[in-house]
Structure formats: C-alpha cells, structure tokens
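# Structural overview
Here are the chains, one letter per residue:
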Amino acid sequence: MKTKILPFSPAVGYNRSSIIYKVDFTMKTDRKKKISIIISIIFVVVAATAIYFAMPKNKDLSESSIFDKAEVEALAGQVIDYINAEDYEGLRAMAVDEMADIMNQERMDEAKARVSEDWGAFQDVDSITTTEVNQRGKTAAVAYVAASYENVDIRYTFAFDEDLKLASLGIQ
C-alpha cells in the first residue's frame, strides 16, 4: 500500500507522523467500503437468483411436453363429479397419498361450508383454464374450474402431479 506523505503545515498543527497515519486510515476505510459494496452486490445477485428459481414458472398446458390438456380437463371434470356425488373413495383413489388421508366426508363438508351452506344442485361447468406450473423442481398441471350450482358459483383449483394424481384441491 502506498502512502502519501503530505508536507508539514504549521497552520494545521499536525506533525508529519499524524498526517501519514490519517492518510493510511482513510485508505484502509476506503478499501473496507469497497469490499463491503462488493459483498453487498454479490449477496443481492445471489438472493435475486434464488428468488427467481423459487418462483413458479407458468406456461399454457397446450405447450406442455409432460401433460395433455384434454386429459387434465377430463380429470378435473372427474374430480367435480366425485365431489358432487360425494364419492370420497373415488377421490382418494385419484389423489396422492398426502391428499388421500384428508379426502373424507367431514373435511369436504367443512370446505364446502366455508363457501356456502347450501350449494344447491350442480348446474354446469362454466369454464376450465389449465396451466403448467414448475416450482422448485416440481412440475404440476393446474386446472382452474368455474362451476355453477343452483345457489352459488364455485371456483375450483386442482393440481395434478406428473403421474396425474390429484395433489391439491381448492374450493372458493
């Protein structure tokens, strides 16, 4: 490290050694600031990269190389049929193990009651929108289904894993 030796100035009242020390201290502080800035930039870049890879990536299911859009739509319709018929054995059979444990009359009645106490009779599926979601190395086909019942309109969200097992079910 080079140090500048400033000429002695009687007006300032410093002697030569204190001026050298002050310059050395300033240069060390500048170096620490630069290192801190570089470390901060590296941290921000690493954090931004981690956030990018953790966020879900969506694409239309028709562009998927894993899932068939028509098959996912048919599975979504089948799930709705099982829900309407209160066939929880059928739901359990098409669900992943973690979901199968909670597919029962009591849990489904709770979920339905959160939306409305009286749904009425099933009318029709208004629309099905599908997408492929890739998040944290896992890929799923997600179906958003708008369905009409006699007394309420319901929005279902179904997620199917790569084996086309029901991995998630949402009712709104």
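One can find the structure itself at the top, above this paragraph.
None of the values given here were measured: they were computed from a predicted structure. (Residues numbered from 1 in each chain as written. Predicted model: local features only at pLDDT ≥ 70, side-chain atom pairs only at ≥ 80, totals over all residues. Heavy atoms only, no water.)

### Observations concerning the packing of aromatic side chains
Across all of its chains, the model carries four aromatic pairs by this definition. Ring geometry for Phe-122 versus Tyr-149: centroids 5.2 Å apart, planes at 70°, classification edge-to-face. Of this pair, Phe-122 sits in strand β2 (residues 122-135) while Tyr-149 sits in strand β3 (residues 138-149), and the two are 27 residues apart along the sequence. The exposure class assigned to Tyr-149 is buried, which follows from its relative accessible area of 5%. Plain terms: the ring middles of Tyr-156 and Phe-158 are 5.3 Å apart, the flat faces sit at 20° to each other, and that makes the pair stacked. The same class applies to Tyr-156 and to Phe-158, which are both buried. Within the aromatic cluster, the residues linked to one another by ring pairs are Trp-119, Phe-122, Tyr-149, Tyr-156 and Phe-158. Above the face of the Trp-119 ring, Lys-112 is positioned so that its terminal group lies 5.5 Å from the ring centre. (Phe/Tyr/Trp six-rings, centres within 6.5 Å; stacked < 30°, edge-to-face > 60°. Helix = DSSP H or I, 4+ residues; strand = E, 2+ residues; numbered from the N terminus. Buried < 20%, exposed > 50% of the residue type's maximum accessible area, 1.4 Å probe, protein only. Lys NZ or Arg CZ within 6 Å of the ring centre and 35° of its normal.)

### Quick look at helix α5 (residues 105-115)
Within the sequence span of α5, burial applies to Met-108, Ala-111 and Lys-112. Across the axial projection of α5, the buried residues extend over an arc of 95°, all falling on one side. Turned more than 90 degrees from where α5 packs its buried face, Glu-106 and Arg-114 sit exposed. Capping of α5 at its N-terminal end is provided by Asn-104; its side-chain oxygen lies 3.2 Å from the backbone amide nitrogen of Glu-106. (Arc of directions from axis to C-beta. Polar contact = N/O pair within 3.5 Å; in protein donor to acceptor, adjacent residues only side chain to side chain.)

### Thoughts on the environment of Arg-92
If you trace the backbone, Arg-92 turns up in helix α3 (residues 88-94). Sequence separation between Arg-92 and Asn-104 is 12 residues; the distance between their C-alpha atoms is 8.3 Å. Once residues lying within four places of it in the same chain are set aside, the contact partners of Arg-92 are Ala-100, Met-103 and Asn-104. (Contact = heavy atoms within 4.5 Å.)

### Here's the deal with the sheet that holds strand β5 (residues 166-171)
Taken together, the five strands give an open sheet; going across it, the order is β1-β2-β3-β4-β5, and neighbouring strands pair in antiparallel fashion. Of all the strands in the sheet, just β1 (57-60) and β5 have a single pairing partner and so form its edges. Along the sheet, successive strands turn relative to each other by an average axial angle of 25°, direction set aside. Two elements, strand β4 (residues 153-160) and β5, share five bridges in a ladder whose sense is antiparallel. Of the residues in β5, the one forming a bridge with Ala-159 is Ser-168. This element, helix α2 (residues 69-85), spans β2, β3, β4 and β5 of the sheet and lies at about 125° to β4. (Pairing = 2+ DSSP bridges. Axes fitted to C-alpha atoms, helices over the stretch in contact; angles between N-to-C directions.)

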